Amino acid sequence: MNKIKESSPVINVSLMFTSLSNDVICRSAFGRKYIETEAGKKFVRVISEGQELLANFSIGEFIPWLSWINILNGLNYRTDTVLKQGDKFLDELIQERLSKTRHERVSIDMDGIKALNKDVFGAGTETTSAFLEWTMTELLRHPTIMKKLQSEVREILHDKQDITFDDLERVHYLKAVIKETFRYQPPVPLIPREAGRDVKIMGYDIAAGTIVMINALAIGRDPLFWDEPENFKPERFLNSSIDFKGLHFQHIPFGSGRRICPGIGFATALIELVLANILHKFDWELPGGAKGEDLDTTELRGLIVGRKNPLLVVAIPRDF
Ligand code: HEM
């Protein structure tokens, strides 16, 4: 909150959300912040490039005898470089931690530790910051919803500075806004699955081993399940039991089944806390009196879909 106050009136909130989720995940996964170090910044770039590469079309995966194309177009080289750079950062980090910690009953090898760290960092940072970006985008595009949400948060929190998890039990409209953003703009729109055996789904034969993409974005905007799906309307969740915890298949921003996102509780707590804080303590406007409806909403291409262009906003601190 202090960083927002100290920054110039126009804030790049995209950058702010990225460094915030990096800090929180690094402290949980690695035990300390890394974003301010050169190595940490490089690792963030490596993870971003890794996400971008994952979204690339790799012809060799679909037509194995054409996999030489991945050599010619540089895909193999880029993938190899990214993997090596990520490995180097984690090697150094783990060695540093091992030298400082007493490790008596360690039953996990280096590759295991690295894989877990990569999983948590890769899956937890960009998803969370992309989600926060989209929530602020939609709130700025819908000033009435922003006002209603701020009224709720401020009525419940009064002049309280430190928001606790107990306070978050009572912010029902905030929870509805979060569910609606997940429906309207899920940070992971496509969820991959591999068919474990030959199956027939809705008349289609799917052979064992086929990769199937489940389109969470399209499901979230399907008029079969949702009223006015193209409108951002958090009220739809106020008297509804529909949640995103994997039991309601029309709303699956975290996936579902045995591979559902294990960070769902972590992410939800973080998102609620961040949004309650920034909406309680600041008013938000677009620079130069720009109107919300004109706000650019171009998406970044990738496995995790955030905004293509950073979100620039004016933050006005509230007097308590
Ligand atoms: C807004 C935030 C987040 C969203 C939208 C999100 C979404 C997802 C989705 C859709 C999947 C694939 C699930 C499936 O295949 O059914 C996934 C997997 C995963 N997520 Fe998240 N996630 C978020 C935050 C986090 C956080 C904060 C962490 C860790 C602290 C995390 C850790 C993971 C891991 C490790 C996997 C892989 C699980 C596996 O393959 O078994 N995620 N996430």
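Just so it is clear, the structure is predicted and the values come from calculations on it, not from any experiment.

## A few points about the sheet that holds strand β6 (residues 282-285)
Moving on, step 1. Ordered by their spatial adjacency, three strands build an open sheet running β1-β7-β6, and the pairing between neighbours is antiparallel. Looking at the sheet topology across the chains shown, the edges are occupied by β1 (10-12) and β6. Ignoring which end each strand starts from, the neighbouring axes of this sheet average 45 degrees apart.
Moving on, step 2. Relative to strand β7 (residues 312-317), β1 is paired through three bridges, and the arrangement is antiparallel. Residue pairing across strands places N12 opposite L312, the latter belonging to β7.

## Topic: the pattern of salt bridges
Moving on, step 1. The full count for this structure, using the stated rule, is 17 salt bridges.
Moving on, step 2. As a salt-bridge pair, K84 and D80 come within 3.1 Å of each other at their nearest N and O atoms. With K84 and D80 both in helix α6 (residues 75-100), this residue pair falls four residues apart, about one helical turn.
Moving on, step 3. Taking the shortest distance from any N to any O, the salt bridge between K200 and D205 comes out at 3.1 Å. For the pair shown, K200 and D205 are each scored as exposed.
Moving on, step 4. A network of salt bridges, in which partner residues are shared, links D87, D91 and K114.

## Some remarks on the packing of aromatic side chains
Moving on, step 1. Per the counting criterion, the structure on display carries seven aromatic pairs.
Moving on, step 2. Note on F244 and F254: the rings are 5.4 Å apart at their centroids and 45 degrees apart in plane angle, and the pair reads as tilted. In this pair, F244 sits in the loop between α11 (216-220) and α12 (264-281) while F254 sits in the loop between α11 and α12, placing the two residues ten residues apart along the sequence.
Moving on, step 3. Residue classification places F254 among the buried positions, given a relative accessible area of 12%.
Moving on, step 4. Feature note: the residues F131, F182, F244 and F254 constitute an aromatic cluster, connected by ring pairs.
Moving on, step 5. Its guanidinium or amino end placed over the ring of W226, R183 lies 5.6 Å from that ring's centre, counting from NZ or CZ.
Moving on, step 6. Positioned above the aromatic ring of Y184 is the side chain of R221, whose terminal nitrogen or guanidinium carbon lies 4.0 Å from the ring centre.

## Remarks on the site of the ligand
Moving on, step 1. Near the ligand there are 25 residues, and of these A123, R193, G255, R259 and C261 occur at the shortest range.
Moving on, step 2. A123 places a main-chain nitrogen or oxygen 3.4 Å from a nitrogen atom of the ligand.
Moving on, step 3. Between an oxygen atom of the ligand and a side-chain N or O atom of R193, the distance comes to 2.6 Å.
Moving on, step 4. Elements with a minimum of two residues in the shell around the ligand: α7 (110-141), β2 (190-194) and α12.
Moving on, step 5. For the shell around the ligand, the leading source of residues is α7, giving seven residues.
Moving on, step 6. Its residues assigned to classes, the shell around the ligand shows 16 nonpolar, six polar and three charged.

## Focus on the environment of K3
Moving on, step 1. Topologically, K3 is positioned in helix α1 (residues 2-6).
Moving on, step 2. Of the residues examined, K3 reaches a relative accessible area of 55% and is grouped as exposed.

## Some remarks on the pairing of β6
Moving on, step 1. Residues F282 and W284 of β6 are buried on one face, while the alternating residues D283 and E285, pointing to the opposite face, are not.
Moving on, step 2. Here four bridges tie β6 to β7, and the two strands are oriented antiparallel to one another. Across the sheet, E285 pairs through a bridge with V314, a residue of β7.

## So, the UniProt feature "binding site: heme" (unreviewed entry) in the chain
Moving on, step 1. Cross-referencing UniProt, the feature "binding site: heme" (unreviewed entry) maps to C261 in the present numbering.
Moving on, step 2. With respect to the element layout, C261 can be found in the loop between α11 and α12.
Moving on, step 3. Accessibility expressed as a relative area gives 26% for C261, which makes it partly exposed.

## Observations regarding the packing of helix α2 (residues 13-29) against α7
Moving on, step 1. Where α2 contacts α7, the axes come no closer than 9 Å and their chain directions differ by 150 degrees. Judged by the inter-axis angle, α2 sits roughly antiparallel to α7. As α2 packs across α7, the resulting crossing turns out to be right-handed. Residue-level contacts link S14, F17, T18, L20, S21, N22, I25, C26 and A29 of α2 to N117, V120, F121, G124, T125, T128, S129, L132, E133 and M136 of α7.
Moving on, step 2. Residues of the contact of α2 with α7, tallied by class, amount to nine nonpolar, nine polar and one charged.

## Focus on the layout of surface pockets
Moving on, step 1. Of the pockets and cavities examined, the second largest pocket occupies roughly 1300 Å³.
Moving on, step 2. Lining the second largest pocket are 50 residues, and of these L15, M16, F17, T18 and S19 lie nearest its centre.
Moving on, step 3. Counting only elements with at least two residues in the lining of the second largest pocket, the list comes to α1, β1, α2, α3 (38-54), α7 and α12.
Moving on, step 4. A class-by-class count of the residues in the lining of the second largest pocket yields 22 nonpolar, 15 polar and 13 charged.

Rules and cut-offs
- Residues numbered from 1 in each chain as written.
- Predicted model: local features only at pLDDT ≥ 70, side-chain atom pairs only at ≥ 80, totals over all residues.
- Heavy atoms only, no water.
- Pairing = 2+ DSSP bridges.
- Helix = DSSP H or I, 4+ residues; strand = E, 2+ residues; numbered from the N terminus.
- Axes fitted to C-alpha atoms, helices over the stretch in contact; angles between N-to-C directions.
- Salt bridge = Lys/Arg side-chain N within 4 Å of Asp/Glu carboxyl O.
- Buried < 20%, exposed > 50% of the residue type's maximum accessible area, 1.4 Å probe, protein only.
- Phe/Tyr/Trp six-rings, centres within 6.5 Å; stacked < 30°, edge-to-face > 60°.
- Lys NZ or Arg CZ within 6 Å of the ring centre and 35° of its normal.
- Near = heavy atom within 4 Å.
- Polar contact = N/O pair within 3.5 Å; in protein donor to acceptor, adjacent residues only side chain to side chain.
- Nonpolar A, V, L, I, M, F, W, Y, C, P; charged D, E, K, R; others polar.
- UniProt positions renumbered as here; feature names shortened; annotations may be inferred.
- Parallel < 35°, antiparallel > 145°, perpendicular 65-115°, else oblique.
- Left-handed = near helix turned anticlockwise from the far one by under 90°.
- Contact = heavy atoms within 4.5 Å.
- 1 Å grid on protein atoms, 1.4 Å probe; cavity = no way out; pocket = protein on both sides within 12 Å on 5 of 7 lines; lining within 4 Å.
- Points joined across faces, edges and corners; volume = space filled by probe spheres on them.

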